[in-house]
Amino acid sequence: MNSPTREALPAVDSGRPHAASTARHARKSVWTQRWLLSPAVISLLLWSVVPLLMTIYFSVTRYNLLSPDESGFVGLDNYRFLWSDPSFLPSIANTLLLTGSVLLISVVGGVLLAVLFDQEFFGRGIARLLVIAPFFVMPTVSALIWKNMLLHPVYGLLAAAMHALGLQPVDWLGQYPMFSIIMIVSWQWLPFAFLILLTAIQSLDPEQKEAAQIDGAGPFSMFFYIVLPHLKRAIGVVVMIETIFLLSIFAEIYTTTAGGPGTATTTLSFLIYSMGLQQFDVGMASTGGILAVVLANIVSVFLVRMLASNLKGENEQ
Amino acid sequence: MSVAHSRLRYGITTAVAWSLAILVFFPIFWMMITSFKTEEQAYQLSVIFQPTLQSFREVFARSDYLSFAGNSIAISLGVTLLSLLLAIPAAYSMAFFPGPRTQKILLWMMSTKMMPSVGVLLPVYLLWKNSGLLDTVSGLIIIYTLINLPIAVWMAFTYFCEVPKEILEAARIDGANTWQEIFHLLLPMSLPGLASTGLLLLILSWNEAFWSINLSSSHAAPLTVFIASYSSPEGLFWAKLSAASLLAVAPIMVLGWLAQKQLVRGLTFGAVK
């Protein structure tokens, strides 16, 4: 590597003595870089290109595994059919509603819990383990424990609690299906946000806090002027990672409501699954797949930029 | 007054934080309790009962639990090894021989994570079906590795960046080749980091439930799929559901607890440490 390159990447390669880069090393490093990097790059390249091209191709063909005789190019027909499918628009709305609500709950809840757990209290380490635990529970387990044991309208624990309080038990997944799914998914992802934000909050310089206290900052101005700005970057990271996972939530819906009642909890992921692997309509499902990719890209263009500027911020330090 | 004030504050914080912690943990606690009940006791919602291992015995006797658990173990270990095998050389090359495009490559790898799995569900399903990978352990290992490779590369990269470059340089000048450099210097020095990378891969592949549900049915099905089968009326056998769930969740939860600090770094691609 020549030195201008190295200066372009200060964070990646500071501290390397310039004198060491002889011509032999430069040749060796280019070669090493290529062949060591290629297995990972080639597999990811294949993974990100081949299936996507196939999805695009399927999306403009008639292709149903149940009627293999009817096939061929149909142009944008699948897109027109999908658009007029009564469950399509609700599925987009549900996907965005689920993603947005869980993000809001987990970030706001995560920040508040992190501030609380940043204080000294008895048994803090153990209490923290309890709070992060749901993140390690596999999605099918958490969905079924909630559905059967907590939310069940007759035997569930919430129903029993409401009975005890003299209230009418609620059929959560029947009457408030989306709310219930949001609750289950938030239960899994709030601990994640909490874990990340607590780590970030604890890296706040105690001297900075003391200085602010001496200057007479109360708890609120402390939170808004010291803690929150310090957490900005960590919040950005939480939003980004959770968005990736939340846009394709599937197992929780598959095991609890199967998209119902009606289309109340049909997300784009579930709609594509049911078109493709339940109705075996590869063409339509692929069309949905393309729209899922477009939706994720709209979100990610914005998110990758944020991450890139975060990285730059780190390089400057 | 100040001492009393801070004592009061300590007490209130303890009370509030513990109530919230118990509230969050409650579903897991309830699952643990229920797994030691009989099916009749499970419906009585009481916490006072004679603990029994009956449900665990029935889970083992009536289902092929060990084969599902075996699949989960094989898949998770396979993914961890294969991902590290691909990620370590790539991260080494980017950390120690950065080129003009290194940062772009890293961001591009990250961006492959943005592709929603469901966008390629149909092609992958058909490819796997036609090549005999459907419902095989290796089929799932391949797909999980592709999904998690960007995380593995990123984590290994951030750990390698902390290794002093002078040491590797000195070895190189003394005539060490690339393999010696990686195996004798880099890996031992970054072992804790690589271990936590492996741990994160293990946890993510153990809990993955989109591809396992769609690409496996019986032969290669891991625990996520086995538990999903309880969404049928079987789910009303609460004690058995709880016992099976506890067995599926407990080992990975313990690992997650032990590795919480390192997980933060891995899950945030090194942005939060």
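Note that the structure is predicted; figures quoted are calculated from it, not measured. (Residues numbered from 1 in each chain as written. Chains lettered and ligands numbered in written order. Predicted model: local features only at pLDDT ≥ 70, side-chain atom pairs only at ≥ 80, totals over all residues. Heavy atoms only, no water.)

> Could you give an account of helix H8 (residues 165–173) of chain B, with specific residues and numbers?
All names here are of chain B. Listed in full, the buried residues belonging to H8 are Lys165, Leu168, Glu169, Ala171 and Arg172. Down the axis, H8 shows its buried residues gathered within 160° of arc, on one side only. Of the residues trailing H8, Gly175 is marked for its positive phi of about 100°. (Buried < 20%, exposed > 50% of the residue type's maximum accessible area, 1.4 Å probe, protein only. Helix = DSSP H or I, 4+ residues; strand = E, 2+ residues; numbered from the N terminus. Arc of directions from axis to C-beta.)

> With reference to specific residues and values, describe the packing of aromatic side chains.
Applying the stated criterion to the full structure yields 34 aromatic pairs over all chains. Residues Tyr57 of chain A and Phe58 of chain A carry aromatic rings whose centres are separated by 6.0 Å and whose planes lie at 50° to one another, so their mutual orientation is tilted. On the numbers, 5.8 Å between centres and 65° between planes, the contact of Trp146 of chain A with Trp187 of chain A is edge-to-face. Note that Trp146 of chain A is positioned in helix H6 (residues 139–150) and Trp187 of chain A in helix H9 (residues 177–202), a separation of 41 residues in sequence. Here the two residues Trp146 of chain A and Trp187 of chain A agree in accessibility, since each one is buried. Clustering of aromatic rings is evident, with ring pairs tying together Trp47, Phe250, Tyr254, Phe270 and Tyr273 of chain A together with Phe210 and Trp211 of chain B. The side chain of Lys37 of chain B reaches across the aromatic face of Phe49 of chain B, ending 5.3 Å from its centre. (Phe/Tyr/Trp six-rings, centres within 6.5 Å; stacked < 30°, edge-to-face > 60°. Lys NZ or Arg CZ within 6 Å of the ring centre and 35° of its normal.)

> Account for the interface of chain B and chain A, naming residues and giving values.
Counting residues at the interface gives 107 residues for chain B, matched by 105 residues for chain A. Regarding the contact of chain B and chain A, the summed buried area is about 9,700 Å², with carbon and sulfur atoms giving 78% of it. Counting across the interface, chain B meets chain A through 0 salt bridges. At the boundary of chain B and chain A, one finds 11 residue pairs in polar contact (both at pLDDT 80 or more). (Contact = heavy atoms within 4.5 Å. Buried area = accessible area lost by both parts, 1.4 Å probe. Salt bridge = Lys/Arg side-chain N within 4 Å of Asp/Glu carboxyl O. Polar contact = N/O pair within 3.5 Å; in protein donor to acceptor, adjacent residues only side chain to side chain.)

> So what about the UniProt feature "transmembrane region" (unreviewed entry) in chain B? Which residues, and what values?
Sites flagged by UniProt as "transmembrane region" (unreviewed entry) map to residues 12–33, 73–93, 105–128, 140–161, 182–206 and 237–259 of chain B. As a span, residues 73–93 of chain B carries 100% helix and 0% strand, and end to end its C-alpha atoms are 30 Å apart. (UniProt positions renumbered as here; feature names shortened; annotations may be inferred.)

> Please give an account of empty space enclosed by the protein that cites residues and values.
Across all of its chains, the model carries 7 cavities of 30 Å³ or more by this definition. In this model, the largest cavity occupies a volume close to 750 Å³. Taken together, 35 residues form the lining of the largest cavity, with Trp189 and Phe245 of chain A together with Asn207, Glu208 and Ala209 of chain B sitting closest to its centre. Contributions of two or more residues to the lining of the largest cavity are made by H9, helix H11 (219–246) and helix H12 (251–256) of chain A together with helix H7 (137–160) and helix H10 (191–207) of chain B. Along the lines of polarity and charge, the residues of the lining of the largest cavity split into 25 nonpolar, 7 polar and 3 charged. (1 Å grid on protein atoms, 1.4 Å probe; cavity = no way out; pocket = protein on both sides within 12 Å on 5 of 7 lines; lining within 4 Å. Points joined across faces, edges and corners; volume = space filled by probe spheres on them. Nonpolar A, V, L, I, M, F, W, Y, C, P; charged D, E, K, R; others polar.)

> I'd like a rundown of the UniProt feature "domain: ABC transmembrane type-1" (unreviewed entry) in chain A, residues and numbers included.
Within this numbering scheme, the UniProt entry marks residues 92–303 of chain A as carrying the feature "domain: ABC transmembrane type-1" (unreviewed entry). For residues 92–303 of chain A, helix accounts for 76% and strand for 0%, while the C-alpha atoms at its two ends are 19 Å apart.

> Which residues make up the environment of Lys147 of chain A, and what values go with them?
Within the secondary structure, Lys147 of chain A sits in helix H6. A sequence separation of 34 residues divides Lys147 of chain A from Ile181 of chain A, and the C-alpha atoms of the two residues are 9.4 Å apart. Not counting residues within four places of it along the chain, the set of residues in contact with Lys147 of chain A comprises His152, Leu173, Thr255 and Thr256 of chain A together with Ser231 of chain B.

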